[in-house]
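# Coordinate inspection notes
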Amino acid sequence: GKCLIIPQTKKGMCRKMLDIKLLKEKPEYVKQRLLTRNSDYSAEIDRILEADVQRRSLITDTEQLRAKQNSVSKEIPKLKKEGKDTSEIFEEMRKLSDKVKADSDKIDDLDSEIESLLLSIPNLPDESVPVGPDDSANEEIRRWGETRSFDFEPQPHWDIGAKLGILDPESATKVTGTRFHFYRGFGSKLERAVINYYLDTHSENGYTEIFPPFMVNRDSMRGTGQLPKFEEDAFKVAGTDYFLIPTAEVPVTNIHRDEILTADQLPIKYCAYSACFRAEAGSAGRDTRGLIRQHQFNKVELVKFADPDKSWEELDALVEDAQRVLQGLGLAHRVVCLSTGDMGFSSAKTYDIEVWMPSYNRYVEISSCSNFVDYQARRANIKFKRSSGDKAQYVHTLNGSGVAVGRTVAAILENYQNADGTVTVPEALRKYAGFDIIK
C-alpha cells in the first residue's frame, strides 16, 4: 500500500501533457479533436513533431560521437606507450567534445520548446462530449427537485443579505475592493455551517478530509493545468514564486506529484475545504452583485485518483456525490454535460451541476465535475502499478466542486426566503448552525 517517489525530471527529459506517442501516430485525429474546442492547434502540433524528429536525430548523432570518443580514448594510452605523437588525436577529441556539447545544448533547447508547446495545448475532449461552440450546445442530463413558486415578490440574495444585515459588500469594498464580501452574524454562521455539513457528508461517503495550504508553488499550478495558460487569472504572491490557490484541486492533486501509487490504493478520494482566489480576468460586468462571482470564495472540493479502467464510473459517482449534498439541502438543481466549446482546458469531459436561482430565473452553476483522464497525471508525473512487477502507468485524475459554499448560501437565501423577510434554515444545516431561522 506504500507509494514510491519518482525522481524529479532531469534536464533533457520533458514531461508530456498530451501523449506524444498519440501525436506521432494520429496527428490528424488529435488536430480534429482539438478543433472541436474552437481553436486550431495544427501549427503547434506540426512543430512538436518536427522538433521531435530533430531531437531524435541529434540524440543518435551524439551517441555515435560519444562512442567514437570512448573508442579513441582507449587508443591514446596504447599510442603513447608506442611513443607516437597524439597531438592530432587530442585536437580531434577536443573538436568531438565541442560538438557533443553543442548538440546536447540543442537537444535541451528542443526539449524546452516541445514542453512549452505541449503545455499550451488543452486536453482532447472525449468522443462522448457534445460538439458545439459554447454553452448553447450543453446537454441537460437530468433534473432534481421542484423549483420553488412564490406567493409574494421574491428578492435577490444580495437584497435579502442587506436587509438582514448578514452580507456586507460595502465594507469589503472599502477594506479590500470590489468582488469581496464581509459576512456578519447569522451570515457568517450559515457559511460555516454549510462547510461543515459538506465535509461531514463527504467524509461519511468515503472521502478523506484534507485541509490544504492556500498557497502553492509554480510546479503545482502547472501540474493541474492552471499554468502557463491562465496565469492572468491567478493571484501571484509578490516577491515569491507562490500563487494563491484558485481551487483546492491544485494542492490536493499535487499531494501525489512524482509518486508511484499501487493499484490497491485506488481509488483515492479526498475532500477539502479551502478559500479560493481568482482574478476573474475577462469577467468585467458579469455578476457584479451578490455572491456568484467573487475574487475570494469558499468551496469544498472533491478529488479522485482512479484506475484508468474505472475512471468514467468514478466520474458518474463523483457527480452523484456532489448532488447528494444539494439534495440534502432540498435545493432544486440540474446536471448538464458541457460541450467541447464550454469545457475547461484540462478536462476530457465535464458535468456541471446548476442550482435554481429565483433572482436569475434560471439554473446557475454551483459545481463542475471533470475527468481529466491522464492529462494532469502526465503533467504532475503521477503513476501507479497494478503489481510490483508491472510497468508504472499514469493514473486518471478527477475533481469536482462538492460544492461552492458562497453560491450555496446565495441559493439558500433565495429559495428559503419568506414573505416576512426572514429565511428558513434547511433542516440538514440546523445542527451545524444552531438556529432554524434568520431574522
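Refer to the structure presented above.
Residues numbered from 1 in each chain as written. Predicted model: local features only at pLDDT ≥ 70, side-chain atom pairs only at ≥ 80, totals over all residues. Heavy atoms only, no water.

## Some thoughts on the packing of helix α7 (residues 186–204) against helix α12 (residues 405–415)
How two helices sit against one another is set out by the angle between their axes and by the gap between those axes. For clarity, the cut-off: In this analysis, axes come from line fits to C-alpha atoms, helices being fitted only over the stretch in contact, and the angle between any two N-to-C directions falls in the range 0 to 180 degrees. Only runs of H or I of at least four residues qualify as helices and only runs of E of at least two qualify as strands under DSSP, and these elements are numbered from the N terminus. Left-handed describes a crossing whose near helix is turned anticlockwise from the far helix through less than a right angle; right-handed describes the clockwise counterpart. We call two residues in contact when some of their heavy atoms are within 4.5 Å. Under the convention adopted here, Pro, Cys and the residues Ala, Val, Leu, Ile, Met, Phe, Trp and Tyr are nonpolar, Asp, Glu, Lys and Arg are charged, and Gly plus all remaining residues are polar.
At a closest axis distance of 10 Å, the pairing of α7 and α12 adopts a crossing angle of 115°. Our pair here, α7 against α12, has a crossing hand that is right-handed. Where α7 abuts α12, its residues Leu190, Glu191, Val194, Ile195 and Tyr198 lie against Val405, Gly406, Thr408, Val409, Ile412 and Leu413. Tallied by class, residues from the contact of α7 with α12 come to eight nonpolar, two polar and one charged.

## Some words on the sheet that holds strand β11 (residues 296–306)
What holds strands together in a sheet is hydrogen bonding between their backbones, with the strands either parallel or antiparallel. What counts here: Note on pairing: two strands pair once DSSP finds at least 2 bridges between them.
Strand order across the open sheet formed by eight strands is β2-β12-β13-β14-β17-β11-β10-β5, with mixed pairing between neighbours. Of all the strands in the sheet, just β2 (139–144) and β5 (208–210) have a single pairing partner and so form its edges. For this sheet, the mean inter-axis angle between neighbouring strands, taken without regard to orientation, is 25°. Relative to strand β12 (residues 333–337), β2 runs antiparallel, the two sharing five bridges. The residue of β12 that forms the bridge with Arg142 is Val335.

## A few points about the pattern of salt bridges
Short version of the rule: By salt bridge we mean one thing: a side-chain nitrogen of Lys or Arg within 4 Å of a carboxyl oxygen of Asp or Glu. Between buried and exposed lies partly exposed: a residue is buried under 20% and exposed over 50% of the maximum accessible area for its type, with that area taken using a 1.4 Å probe on protein chains only.
Under the criterion given, the structure shown has 30 salt bridges. Between Glu127 and Arg33 there is a salt bridge, with the nearest N and O atoms lying 4.0 Å from each other. Within this pair, whereas Glu127 is found in the loop between α4 (87–119) and β2, its partner Arg33 is found in helix α2 (residues 27–35), the two being separated by 94 residues in sequence. With a relative accessible area of 9%, Arg33 lands in the buried category. Residues Arg56 and Asp52 are paired through a salt bridge, measuring 2.9 Å at the closest nitrogen-oxygen approach. Placement of both Arg56 and Asp52 in helix α3 (residues 42–81) is noted, with a separation of four residues, approximately one turn of the helix. The class for Asp52 is buried, based on a relative accessible area of 5%.

## Focus: the packing of aromatic side chains
Cut-off, in case you're wondering: Note on aromatic pairs: the rings of Phe, Tyr and Trp (six-membered ring only in Trp) are paired at centre separations within 6.5 Å, and the planes decide the class, stacked below 30 degrees, edge-to-face beyond 60, tilted for the rest.
For the coordinates displayed, the defined rule picks out eleven aromatic pairs. For the pair Phe211 and Tyr273, a centre-to-centre distance of 6.2 Å together with 5° between the ring planes defines the contact as stacked. Within this pair, whereas Phe211 is found in the loop between β5 and β6 (215–217), its partner Tyr273 is found in strand β10 (residues 268–277), the two being separated by 62 residues in sequence. Phe211 sits in the exposed class, given a relative accessible area of 61%. Judged by relative accessible area, Tyr273 falls into the buried class, the value being 17%. Judged by centre distance (5.4 Å) and plane angle (85°), the ring pair of Phe230 and Phe345 falls under edge-to-face. Here Phe230 is found in the loop between α8 (218–224) and β7 (235–236), whereas its partner Phe345 is found in the loop between β12 and β13 (349–357), with 115 residues between them in sequence. For Phe345, a relative accessible area of 10% gives the class buried. By the ring-pair criterion, three or more aromatic residues cluster together here, those being Tyr197, Tyr198 and Tyr432.

## Description of the sheet that holds β6
Taken together, the three strands give an open sheet; going across it, the order is β6-β8-β7, and neighbouring strands pair in antiparallel fashion. Here the strands that pair on one side only, and so sit at the sheet edges, are β6 and β7. Here β6 runs beside strand β8 (residues 242–244); their pairing, made up of three bridges, is antiparallel. Residue pairing across strands places Val216 opposite Phe243, the latter belonging to β8.

## Focus on the nonpolar core
Quick note on the threshold: As used in this record, nonpolar core signifies buried Ala, Val, Leu, Ile, Met, Phe, Trp, Tyr and Cys residues forming a set joined through side-chain atoms within 4.5 Å.
In terms of nonpolar packing, the biggest core is built from 54 residues, with Tyr198, Met357, Ile412, Leu413, Leu429 and Ile438 touching the most fellow members. Setting aside chain neighbours within four positions, we find Met357 in contact with His157, Ile292, Arg362, Val364, Ala410, Ala411 and Glu414. Judged by nonpolar contacts, the second largest core, of 22 residues, contains Tyr41, Ile45, Leu124 and Tyr375.

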